[in-house]
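Per-entry structural report
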Amino acid sequence: MAEHEHVRVAVIGSGFGGLGAAVRLRRAGITDFVVLERRDSVGGTWRDNSYPGCACDVPSHLYSFSFAPNPDWPRNFSGQEHIRAYLERVADTFGLRPHIRLDSEVLQARWDAEELRWEIETGSGTLTADMVVSATGPLSDPKIPDIPGLDGFTGKVFHSAQWDHDYDLRGKRVAVIGTGASAIQIIPAIQPLVGKLTVFQRTPAWVMPRMDREISGFERRLHTAVPPTRALRRQMLWLIREFQVGAFTKHPAQMRLVEKLAKYHMTRVVKDPALRAKLTPDYRIGCKRILLSNTYYPALTRPNVDVVASGLREVRGNTLVAADGTEAEVDAVIFGTGFHVTDVPIAHRIKGADGTTLAETWKDGMEALRGSTIAGFPNFMMIIGPNTGLGNSSMILIIEAQLNYMIDYLRQLDTLTTAGTGRAALDARPEAVRSWNTRIQERMRRTVWTTGGCESWYLDANGRNTTVWPGTTGEFRRVTRQVDLAEYRVLRAPAPADRRSADTVEAAR
Ligand code: NAP
């Protein structure tokens with residue numbers, strides 16, 4: 001990377017968000033951009049999560065870009081390797097490779113209020129950019145709980161997102177910590193291999209049947225020959241999920257019916273009443289993410305599996321001790337304990353207009369305008385920012401909506417620059433951010449995530465839901481279609497002669 005290189009847009013991350021941003025930039029005729037990727041290949045969370053059984057529980061025809069359809073998805077719910085290959089293909093098909101800088105971890109990005117640009121320090125050099133689009137995602141930095149004694153454990157330890165494929169699990173005594181979306185895919189995949197499997201379950205999950213099947217050769221040929229059939233399929237998958245949203249956000253009592261189905265799904269397989277009691281949640285379905293699996297419950301009934309209905313509290317030598325005192329000596333510990341979702345590590349590396357980091361700004365909780373921009377961080381946008389997550393649909397829909405916002409943001413910057421004197425930048429007004437978040441939190445009150453009686457990673461340390469969008473994806477798309485300039489301060493760089501004496505000034509619009 002050349003020293004002091006300047007680009008119009010620097011995108012951080014090359015998962016769905018970063019690659020999507022790159023495609024949309026090119027389509028808008030913007031080629032002066034880079035995608036900074038910390039690892040040596042693209043794919044984000046779908047590159048990192050290669051654990052056995054890893055798959056998506058949103059159908060692939062919906063969990064893919066509208067502008068990069070794939071008529072050849074092999075299954076309803078694709079496995080990780082297919083999704084990763086899809087993203088590699090997107091990088092090739094849309095000519096993104098020349099823009100992608102691999103092994104270029106962003107170490108710091110600092111807003112230069114005088115020059116109205118970001119100074120970015122990466123593992124492979126420095127550069128400046130008019131705008132930074134952070135697409136690091138909420139599922140990029142694995143979280144291993146701070147368990148006393150773990151350091152003294154002499155066996156194998158790894159996180160679901162950092163699977164050690166060289167470690168042979170066959171015949172081993174293995175503990176899986178957690179029963180979230182990752183763990184419930186791992187457990188049935190490794191149960192037949194291992195000698196003994198102990199599952200540490202702090203909170204049981206609601207698990208629904210997974211309506212997976214192969215997509216037939218006929219369907220695939222049809223989708224290729226008659227593209228509207230593929231579009232129709234996507235539309236149907238989307239509509240079903242849009243109709244479900246109201247039950248999560250406005251009428252949680254309706255979820256009781258779904259709960260009955262989930263209970264039936266369990267009792268059909270789990271005949272042992274003691275195990276059933278352990279696996280039955282005591283909160284409303286939907287409060288935590290609803291999991292889909294046909295193989296999880298059967299795996300738990302196998303003779304080599306023990307379910308400890310208690311969280312892992314400490315490790316003594318090679319013995320794991322649960323909060324209820326249950327002990328299990330194991331050879332390997334696999335943490336399926338999730339990610340830093342409400343405390344995203346990239347926030348420590350982003351420094352805004354007054355030198356404060358995003359992490360400091362967010363010390364009482366994440367907040368953004370329309371899930372995208374943050375007061376005091378001009379020309380900075382976050383893909384999958386605060387309150388953009390979904391309880392039941394495809395995050396790609398949210399990403400694409402935010403990319404519309406990104407393109408309009410750049411268009412507005414262009415217009416302002418052409419109309420005014422010198423370059424312009426946009427900074428979200430604090431009152432606009434506040435009013436957006438007040439509305440979100442008001443709507444959050446009646447949702448199943450608030451009323452459902454559970455603790456989930458949707459909530460931050462203060463118990464505020466700063467992760468989920470309390471509406472339909474259609475609504476989110478509408479509210480991110482255009483940047484409303486009334487919600488922003490327009491910043492202008494002082495004329496060169498005034499530079500020494502004047503700080504960045506807010507221009508009259
Ligand atoms: P997660 O949903 O955050 O689950 C973490 C699990 O670890 C929870 O069961 C949690 O228990 C448990 N845990 C934490 N500390 C523990 C302790 N000391 N002892 C025992 N258990 C402990 O993480 P994840 O499963 O990796 O999933 C994260 C997100 O990734 C998902 O929600 C989803 O968005 C995505 N994902 C999707 C798929 C898919 O599409 N199929 C697959 C994998 C991941 P508590 O419930 O008590 O907190």
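Here the structure is a predicted model, which means the values were calculated and not measured.

Looking now at the packing of helix H1 (residues 16-27) against helix H3 (residues 80-93). For any two helices packed against each other, one specifies the inter-axial angle together with the distance between the axes. Interhelical geometry of H1 versus H3 gives an angle of 25° and a closest axis separation of 10 Å. Comparing the axis directions of H1 and H3 gives the class roughly parallel. When you trace H1 past H3, the crossing you get is left-handed. Contact residues: Phe16, Leu19 and Val23 in H1; Ile83, Tyr86, Leu87 and Val90 in H3.

This part takes up the pattern of salt bridges. Within the structure shown, the criterion is met by 30 salt bridges. Residue Glu259 is joined to Arg284 by a salt bridge in which the shortest nitrogen-to-oxygen separation is 3.0 Å. One end of the pair, Glu259, is in helix H7 (residues 255-269); the other, Arg284, is in the loop between helix H8 (273-279) and strand E11 (291-292), and 25 residues separate them in sequence. On the basis of relative accessible area, Glu259 is assigned to the buried category, the value being 12%. Among the residues examined, Arg284 registers a relative accessible area of 22% and is labelled partly exposed. A salt bridge links Glu475 to Arg443, with the nearest nitrogen and oxygen atoms 2.8 Å apart. In this pair, Glu475 sits in helix H14 (residues 473-479) while Arg443 sits in helix H12 (residues 430-444), placing the two residues 32 residues apart along the sequence. For Arg443, a relative accessible area of 32% gives the class partly exposed. What emerges from the salt-bridge pattern is a single network uniting Glu37, Arg39, Arg47 and Asp48.

Glancing now at the sheet that holds strand E14 (residues 319-322). Taking strand neighbours across the sheet as the criterion, the three strands line up as E13-E14-E15 in an open arrangement whose pairing is antiparallel. In this open sheet, the two strands that pair with only one neighbour each are strand E13 (312-316) and strand E15 (327-329). Along the sheet, successive strands turn relative to each other by an average axial angle of 25°, direction set aside. Examined bridge by bridge, E13 and E14 share four bridges and lie antiparallel to one another. Considered in E14, the bridge of Glu314 is made with Val321.

With 23 residues, helix H6 (residues 227-249) extends 34 Å from end C-alpha to end C-alpha; this agrees with the ideal 33 Å at 1.5 Å per step. Regarding H6, the residues found buried are Arg230, Arg233, Arg234, Leu237, Arg241, Glu242, Val245, Ala247, Phe248 and Thr249. At its buried positions, H6 is contacted by helix H5 (217-225), H7, helix H11 (395-419), H12, helix H13 (448-451) and H14.

In this section: the nonpolar core. Counting 114 residues, the largest nonpolar core has Phe16 and Ile190 as the members making the most contacts within it. By residue number, the principal contributor to this core is H11, which donates 14 residues. For this core, the domains that each give at least three residues are domain 1 (5-140 + 340-499) and domain 2 (150-213 + 221-335). Contact partners of Phe16, with chain neighbours within four places excluded, come to Trp46, Tyr63, Ser64, Phe65, Ile83, Tyr86, Leu87, Ile396 and Ile399. Core analysis: the next-biggest nonpolar cluster, separate from the first, contains 30 residues, Val344, Ile350, Ala359 and Ile374 among them.

Right, let's get into the site of the ligand. Neighbouring residues of the ligand: 26 residues in total, closest Ser182, Arg202, Thr203, Lys288 and Leu312. Within the backbone of Thr179, one N or O atom sits 3.0 Å away from an oxygen atom of the ligand. Here the ligand loses 86% of its free accessible area of 910 Å² to cover by the protein chains. Each of domain 1 (5-140 + 340-499) and domain 2 (150-213 + 221-335) contributes no fewer than three residues to the shell around the ligand.

Turning to its location among the elements, Ala428 is positioned in strand E19 (residues 424-428). Taking the C-alpha atoms as reference points, Ala428 and Leu275, 153 residues apart in sequence, are found 52 Å from one another.

With that settled, consider the state of the cysteines. Any covalent bond linking the sulfur atoms of two cysteines counts as a disulfide. Evaluated as defined, the whole model comprises one disulfide. Between the sulfur of Cys287 and that of Cys454 lies a disulfide, 2.0 Å long from S to S. Across the S-S bond linking Cys287 and Cys454, the dihedral sits near -90°, which makes this disulfide left-handed. Placement of the pair is Cys287 in the loop between H8 and E11 and Cys454 in the loop between H13 and H14, with a sequence separation of 167 residues.

For Ser310, the location among the structural elements is in the loop between strand E12 (305-308) and E13. The class of Ser310 is buried, set by a relative accessible area of 6%. At 3.0 Å, the side chain of Ser310 and the backbone nitrogen of Asp324 are in polar contact.

The buried count for strand E1 (residues 5-12) comes to seven of eight residues, which makes it a mostly enclosed element. Taken together, the seven bridges between E1 and strand E6 (residues 125-134) define a ladder with parallel strand orientation. Residue His6 lies in a different strand from E6, and its bridge partner there is Thr128. Relative to strand E2 (residues 33-36), E1 runs parallel, the two sharing four bridges. For Val11, the partnering residue across the bridge sits in E2 and is Val35. After leaving E1, the chain enters H1 and then returns to the sheet as E2, a path that is right-handed.

Turning next to the domain arrangement of the protein. According to the domain assignment, the protein contains domain 1 (5-140 + 340-499) and domain 2 (150-213 + 221-335). Summarising the inter-unit geometry, the C-alpha centres of domain 1 and domain 2 are found 29 Å apart. Counting from both sides, the interface comprises 44 residues of domain 1 and, opposite them, 38 residues of domain 2. In this assembly, domain 1 packs against domain 2 so that about 3,800 Å² is buried in total across both faces, 54% of it on carbon and sulfur atoms. Taken together, domain 1 and domain 2 are joined by two salt bridges. A salt bridge links Arg289 to Asp57; the shortest N-O distance between them is 2.6 Å. Between the two partners, domain 1 and domain 2, sit 19 residue pairs in polar contact (both at pLDDT 80 or more). Secondary structure elements with two or more residues in the side of domain 1 that touches domain 2: H11, H13 and H14. Broken down by class, the residue content of the side of domain 1 that touches domain 2 amounts to 17 nonpolar, 20 polar and seven charged.

Thresholds applied
- Residues numbered from 1 in each chain as written.
- Predicted model: local features only at pLDDT ≥ 70, side-chain atom pairs only at ≥ 80, totals over all residues.
- Heavy atoms only, no water.
- Axes fitted to C-alpha atoms, helices over the stretch in contact; angles between N-to-C directions.
- Helix = DSSP H or I, 4+ residues; strand = E, 2+ residues; numbered from the N terminus.
- Parallel < 35°, antiparallel > 145°, perpendicular 65-115°, else oblique.
- Left-handed = near helix turned anticlockwise from the far one by under 90°.
- Contact = heavy atoms within 4.5 Å.
- Salt bridge = Lys/Arg side-chain N within 4 Å of Asp/Glu carboxyl O.
- Buried < 20%, exposed > 50% of the residue type's maximum accessible area, 1.4 Å probe, protein only.
- Pairing = 2+ DSSP bridges.
- Expected span 1.5 Å × (residues − 1).
- Core = buried A, V, L, I, M, F, W, Y, C linked by side-chain atoms within 4.5 Å.
- Domains from an automatic or database assignment.
- Near = heavy atom within 4 Å.
- Polar contact = N/O pair within 3.5 Å; in protein donor to acceptor, adjacent residues only side chain to side chain.
- Areas by Shrake-Rupley, 256 points an atom, 1.4 Å probe, with all protein chains shown as cover.
- Disulfide = S-S within 2.5 Å.
- Right-handed = clockwise from strand over helix to strand, strands pointing away.
- Buried area = accessible area lost by both parts, 1.4 Å probe.
- Nonpolar A, V, L, I, M, F, W, Y, C, P; charged D, E, K, R; others polar.

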